[in-house]
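Below are the chains, spelled out letter by letter.
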Amino acid sequence: MKIELKNICKSFNKKSNTIDHMSLTIEDGEFVALLGPSGCGKSTTMLMIAGIYKPDSGEIYFDGQLVNDLEPKDRNIGMVFQSYALYPHMTVLENIAFPLKQQKVPKEERIERAKQAAEMVQLGHLLDRKPSELSGGQQQRVALARAIVKKPKVLLLDEPMSNLDARLKIEMREEISRIQKELGITTILVTHDQEEAMTMADRIAVMRDGKIIQYSTPMELYNHPKDYFVAQFIGTPPMNFLKGKLSNNQLRLRNMTIELDRKWLDFDGEETDVHVGIRPHDLKLGNNGDIRIRGIVHMVEPIGHSQIVNVKVGNEQVRFFVEPNIKMEYGREVEISADISAIHLFDKATGRSLKKDSVNQGQIEELVS
Amino acid sequence: MGSVLKRWKLPAVMLGPFIILISLFYFLPVVLIAILAFTSMDSAMRWDFNGLANFQKLVTDPNIGVVVKNTIIYVGFTLLFNVFFGLALGILTTYFIQKESVGLFFRTIWMLPRISPPVVYTLLLLWFFDPSEYGVLNSLRALFNMPPDKWLTTHPMTAVILANGLIGASFGMIIFSSAIKSIPKDLFYAASVDGASQWSVIKDIIIPAVRWPLMFVTLWQFLSLLTSYEYILLLTNGGPLFESEVLALYSYHKAFQNFEFGYGSAISLVLVLIALIFSALMWKWFGMKKMMGSSRIE
Ligand SMILES: Nc1ncnc2c1ncn2[C@@H]1O[C@H](COP(=O)(O)OP(=O)(O)O)[C@@H](O)[C@H]1O
Ligand SMILES: [Mg+2]
């Protein structure tokens, strides 16, 4: 089912809009993540799509049909809550069958379908337990089974994995992705975990203060963040930022002056303070790149296949990856470098990206896909 | 030895007043009643032990049949009224009225009789049931051209049950509404996404969550209804004749109207025993231990 939000506003007090003129289109069968820090309005958006909150203004369409005044039960949605919200006195089977019971599905069929849904999330052996007798991961599966049992057209997941431990998280991610593909169901995932959004979603809407900052594919967000906020948010370890000054086509970064291609910039030429962003993966030990930085080794974190090295550059910090067999000594000065094409530039005042190709590249990719 | 004294000195000083108060006002009356029940004490105030004579008198008392029947009707119906009306009010003011200020307003209204002195509240009720054409109920009847009725004479038990039921409902209402308010919001959201009807929300979410408070209120109200009589005393004084006389009031009448302190105490002792037996039974049936131990929503 195609979901469209048009100019949605929602406010809980008279002072500010929790959701501020938000528009968003989700194609049929698409898996979209709403990504943003806690309190930015993700759950509010989701509850409006579910019909539990009513927007103050704006329209919500399901397959082109206005649903603003439709009750949650008439929207054909399944939802998983962060708290799971299982009915505490019902068994696993009764929990899963509850939506069918409300639809007056005959008892035998109801139990049959609930069992199928339970099998789908690998819960077949726990049907008689009460929620209080289950682990967090199992409760999460029950919530998921309950959400999909009535074969809804839309699946809404509100931070479904934030209460799970790291291993279970990865397992559930795969599980949810698999079920989503199997059912081909339009899915919206709310999360504050960029990795979760990156690994699962077809497209990600990055939100801040009730607004969507950027809405694109995970790779597009990673390669061409349109905004300083997005660049900070996406990628682990996060992008490195150094202070710089840009005027005309000259970038001053520490003691270097770098000539940039004017075509490359979306910039009026006036001298501007900028954040220069470089991803850890784009930095290499040595002096083979166009941009060279010297720094003092400050911290080394081995992660098996590689090590993350943290160097102090003046009073700023830069992270990058080093082969595991190279020995890094604390306190030693090292030189690192990157290609000029790898850097990102953001206006310090507005946060806007000053690189043009992000726009062009984005348009090309959209045309292709 | 000295160290034991030292260890217990502070707790003794701190707890002492409470222990003395509790034994003076809670324990001593029960002991006194238990002793008095085996005496023939009357207005002469002499402790003459007479064995089981009071209890023999009790079982052969010509009034006892109707008094026991009244007690069962009174306690049973008032309890139903208290618990179900309290639950209905609790659900109404928390679930159906979502606006907290409005819910609070309604709850406060229902609390008023509970916090006003019984005498004042009873005066209002007496005016309500007044047999003249100026009584509230009779003025209403007059609107439909019906003659005034002597309510407290024709329907004494109904009046007593209504009066007590309405007051008692506020207790359940407060307990139930706070239990309902502690149900996580997500559960209601999940129910509305799952397509649950209002009735199903009440049956499948609210009632299971207030199961323990429900039992607590039932037991608590049962015990207090069994032993309290002040509203009946003020409203009908048990009359006409014995039509609204219950055991607790009968004991009061025997002791302080006929000055048969021994006999009155025997009736009270029977009440204490009934209360104990029912508490023990409910403890067993409903797992009171669990109920006293945890107030959490399962
Ligand atoms: N029912 C509500 N009443 C008042 N304020 C609310 C309510 N729901 C959310 N808010 C406020 O709206 C903002 C966004 O909340 P929410 O959508 O839950 O954020 P997120 O899910 O992104 O963490 C928060 O500041 C929160 O305090
Ligand atoms: Mg949230």
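Numbers given for residues are sequential positions, taken from 1 along each chain in its written order. Chains carry letters from A onward and ligands carry numbers from 1 onward, assigned in written order. The predicted nature of this model means local features are confined to residues of pLDDT at least 70 and side-chain atom pairs, given and counted, to a pLDDT of 80 or more, with totals for whole chains, interfaces and linings taken over all residues. Think of the side-chain values as coming from all heavy atoms in the structure, minus any hydrogens and water.

Draft legend 1. Highlighting the packing of helix α8 (residues 156–181) of chain B against helix α11 (residues 211–227) of chain B. All names here are of chain B. Two elements in contact, α8 and α11, have axes whose closest approach is 10 Å; the angle formed by their N-to-C orientations is 160 degrees. With respect to α11, the axis of α8 lies roughly antiparallel. Note that α8 runs across α11; the crossing there is right-handed. Facing G168, F171, G172, I175, F176 and A179 of α8, the residues of α11 in contact are P213, L214, F216, V217, W220 and Q221. Asp, Glu, Lys and Arg are counted as charged, while Ala, Val, Leu, Ile, Met, Phe, Trp, Tyr, Cys and Pro are counted as nonpolar; the rest, among them Gly, fall into the polar class. Residues that form the contact of α8 with α11 fall into these classes: nine nonpolar, three polar and no charged. In this analysis, axes come from line fits to C-alpha atoms, helices being fitted only over the stretch in contact, and the angle between any two N-to-C directions falls in the range 0 to 180 degrees. Here a helix means four or more residues in a row that DSSP labels H or I, a strand means two or more in a row labelled E, and each is numbered from the N terminus. Should an angle fall under 35 degrees it is called roughly parallel, over 145 degrees roughly antiparallel, and 65 to 115 degrees roughly perpendicular, with every other angle called oblique. Crossings are classed by handedness, with left-handed meaning an anticlockwise turn of the near helix from the far one by less than a right angle and right-handed meaning a clockwise turn. In what follows, a contact means two residues having at least one pair of non-hydrogen atoms within 4.5 Å.

Draft legend 2. Inspection of the UniProt feature "domain: ABC transmembrane type-1" (unreviewed entry) in chain B at higher detail. UniProt positions are given in the numbering used here, feature names are shortened, and annotations may be inferred rather than shown by experiment. In the numbering used here, UniProt assigns the feature "domain: ABC transmembrane type-1" (unreviewed entry) to residues 68–282 of chain B. Secondary structure across residues 68–282 of chain B comprises 79% helix and 0% strand; the distance between its end C-alpha atoms is 21 Å.

Draft legend 3. Expanded view of the packing of aromatic side chains. Each Phe, Tyr or Trp ring, with Trp reduced to its six-membered ring, pairs with another whose centre is within 6.5 Å; inter-plane angles below 30 degrees give stacked pairs, above 60 give edge-to-face pairs, and intermediate values give tilted ones. On inspection of all chains with the given rule, the structure shows 19 aromatic pairs over all chains. An aromatic cluster of three or more residues is present, and its members are Y229, Y252, F256 and F261 of chain B. Comment: the charge-over-ring label is applied if NZ (Lys) or CZ (Arg) is within 6 Å of the ring centre and within 35 degrees of the ring normal. In this arrangement the basic side chain of R146 of chain A is found over the ring face of Y87 of chain A, its NZ or CZ atom lying 4.7 Å from the centre. Positioned above the aromatic ring of F229 of chain A, the side-chain terminus of R208 of chain A is 4.8 Å from the ring centre.

Draft legend 4. Seen up close, the site of ligand 1. Residues and elements named next belong to chain A. The criterion for a residue being near a molecule or strand is simple. One of its heavy atoms has to lie within 4 Å of it. The immediate surroundings of ligand 1 are formed by F12, T18, P37, S38, G39, C40, G41, K42, S43, T44 and Y53. G41 places a polar main-chain atom, nitrogen or oxygen, 3.0 Å from an oxygen atom of ligand 1. Contact distances for ligand 1 include 2.9 Å between an oxygen atom and a backbone N or O atom of K42. Burial of ligand 1 by the protein chains amounts to 57% of its free accessible area of 550 Å². Whenever two N or O atoms come within 3.5 Å, that pair is a polar contact, provided that in protein one can donate a hydrogen and the other can accept it, and provided that, for residues adjacent in sequence, both atoms are side-chain atoms. Note on areas: Shrake-Rupley with a 1.4 Å probe; residue coverage comes only from the protein chains shown.

Draft legend 5. Quick look at unusual backbone geometry. Residue and element names in this part refer to chain A. With an omega dihedral of -10 degrees, the bond running from T236 to P237 counts as a cis peptide bond. Tracing the chain through its elements places P237 in the loop between α8 (228–233) and β11 (240–247). A positive phi angle, near 45 degrees, is found at H21, a position not held by glycine. If you trace the backbone, H21 turns up in strand β2 (residues 19–26). With phi around 60 degrees, N76 is a residue other than glycine that occupies positive phi space.

Draft legend 6. Spotlight on the sheet that holds β2 of chain A. Residues and elements named next belong to chain A. At least two bridges found by DSSP between two strands is the condition for calling them paired. Spatially, β2-β1-β4-β5 is the arrangement adopted by the four strands of the open sheet, whose pairing is antiparallel. Where the open sheet ends on each side, the last strands, each with one partner, are β2 and β5 (65–66). Bridging between strand β1 (residues 3–10) and β2 involves five bridges; their strand directions are antiparallel. Bridge pairing links K10 to I19 in β2. Contacting β1, β2 and β4 (57–62), helix α1 (residues 42–50) runs over the sheet at an angle of about 120 degrees to β1.

Draft legend 7. Highlighting the side chain of S306 of chain A. All names here are of chain A. With respect to the secondary-structure elements, S306 resides in the loop between β16 (291–302) and β17 (307–313). Here the side chain of S306 touches V322 through a polar contact of 3.2 Å, landing on its backbone oxygen. For S306, the contacting residues outside a window of four places in its chain are E301, F321, V322 and P324.

Draft legend 8. Geometry of the pattern of salt bridges. Residue and element names in this part refer to chain A. Any carboxyl oxygen of Asp or Glu within 4 Å of a side-chain nitrogen of Lys or Arg constitutes a salt bridge here. Scanning the model with the defined rule gives 19 salt bridges over all chains in all. Taking the shortest distance from any N to any O, the salt bridge between D20 and K211 comes out at 3.1 Å. With D20 in strand β2 and K211 in strand β10 (residues 211–216), this residue pair connects regions lying 191 residues apart in the sequence. The class of K211 is partly exposed, set by a relative accessible area of 41%. In this structure, a network of salt bridges that share partners links the residues R141, E171, E175, R178 and E182. Remark: exposure states derive from per-residue accessible area (1.4 Å probe, protein chains only) relative to the maximum for the residue type, with buried under 20%, exposed over 50%, and partly exposed in between.

Draft legend 9. Molecular detail of the interface of chain B and chain A. At the junction of the two partners, chain B supplies 17 residues and chain A supplies 22 residues. When chain B packs against chain A, the two sides together hide about 1,600 Å² of surface, and 64% of this comes from carbon and sulfur. The largest contributions to the chain B side of the interface with chain A come from Y189, V193 and D194 of chain B, which together make up 39% of the buried area. Counting every contact that joins chain B to chain A gives one salt bridge. Linking D194 of chain B and R146 of chain A is a salt bridge whose minimum nitrogen-to-oxygen distance equals 3.6 Å. Counting the contacts that link chain B with chain A gives six residue pairs in polar contact (both at pLDDT 80 or more). Buried area is a sum: the accessible area each of two parts loses on coming together, probed at 1.4 Å, counted once for each and added.

Draft legend 10. Main features of the nonpolar core. Side-chain atoms within 4.5 Å link the members of a nonpolar core, which is a set of buried Ala, Val, Leu, Ile, Met, Phe, Trp, Tyr and Cys residues. Core analysis: the largest hydrophobic core is formed by 88 residues, its most contacted members being L156 of chain A together with Y74 and I206 of chain B. Residue contacts for Y74 of chain B: discarding those within four places in its chain leaves L79, M157, V160, I161, N164, L225, S228, I232 and V246 of chain B. Formed by 48 residues, the second largest nonpolar core is a distinct cluster that contains A33, M200, I213 and V230 of chain A.

Draft legend 11. Expanded view of the domain arrangement of chain A. Residues and elements named next belong to chain A. The split into domains, and so the bounds of each, comes from an automatic or database assignment of domains. Here the domain parsing of chain A yields domain 1 (3–223) and domain 2 (228–352). Between domain 1 and domain 2, the C-alpha centre-to-centre distance is 37 Å. Listed per partner, the contact involves 15 residues of domain 1 and nine residues of domain 2. Taken over both partners, the interface formed by domain 1 and domain 2 buries close to 1,100 Å², and the fraction arising from carbon and sulfur atoms is 72%. Across the domain 1-domain 2 interface, the total number found is zero salt bridges. Elements represented by at least two residues in the side of domain 1 that touches domain 2 include exactly α6 (194–200), β9 (203–208), β10 and α7 (218–223). Broken down by class, the residue content of the side of domain 1 that touches domain 2 amounts to eight nonpolar, five polar and two charged.

Draft legend 12. Here's a closer look at the UniProt feature "transmembrane region" (unreviewed entry) in chain B. Residue and element names in this part refer to chain B. In the numbering adopted here, UniProt assigns the feature "transmembrane region" (unreviewed entry) to residues 12–38, 72–97, 109–129, 156–176, 212–232 and 261–286. As a span, residues 109–129 carries 86% helix and 0% strand, and end to end its C-alpha atoms are 21 Å apart. The span residues 212–232 is 90% helical and 0% strand by assignment, and the distance between its end C-alpha atoms comes to 30 Å.

Draft legend 13. How the structure looks around the pairing of β11 of chain A. Residues and elements named next belong to chain A. Within β11, six of the eight residues are buried, which leaves the element mostly enclosed by the surrounding structure. Relative to strand β14 (residues 272–278), β11 runs antiparallel, the two sharing seven bridges. What sits directly across from L242, in β14, is V276. As judged from the four bridges shared by β11 and strand β12 (residues 250–253), these two strands associate in the antiparallel manner. When the bridges of β12 are listed, K245 appears paired with R252. A loop of two residues connects β11 with β12, the two strands running antiparallel in sequence, and N248 in this loop sits at a positive phi of about 50 degrees.

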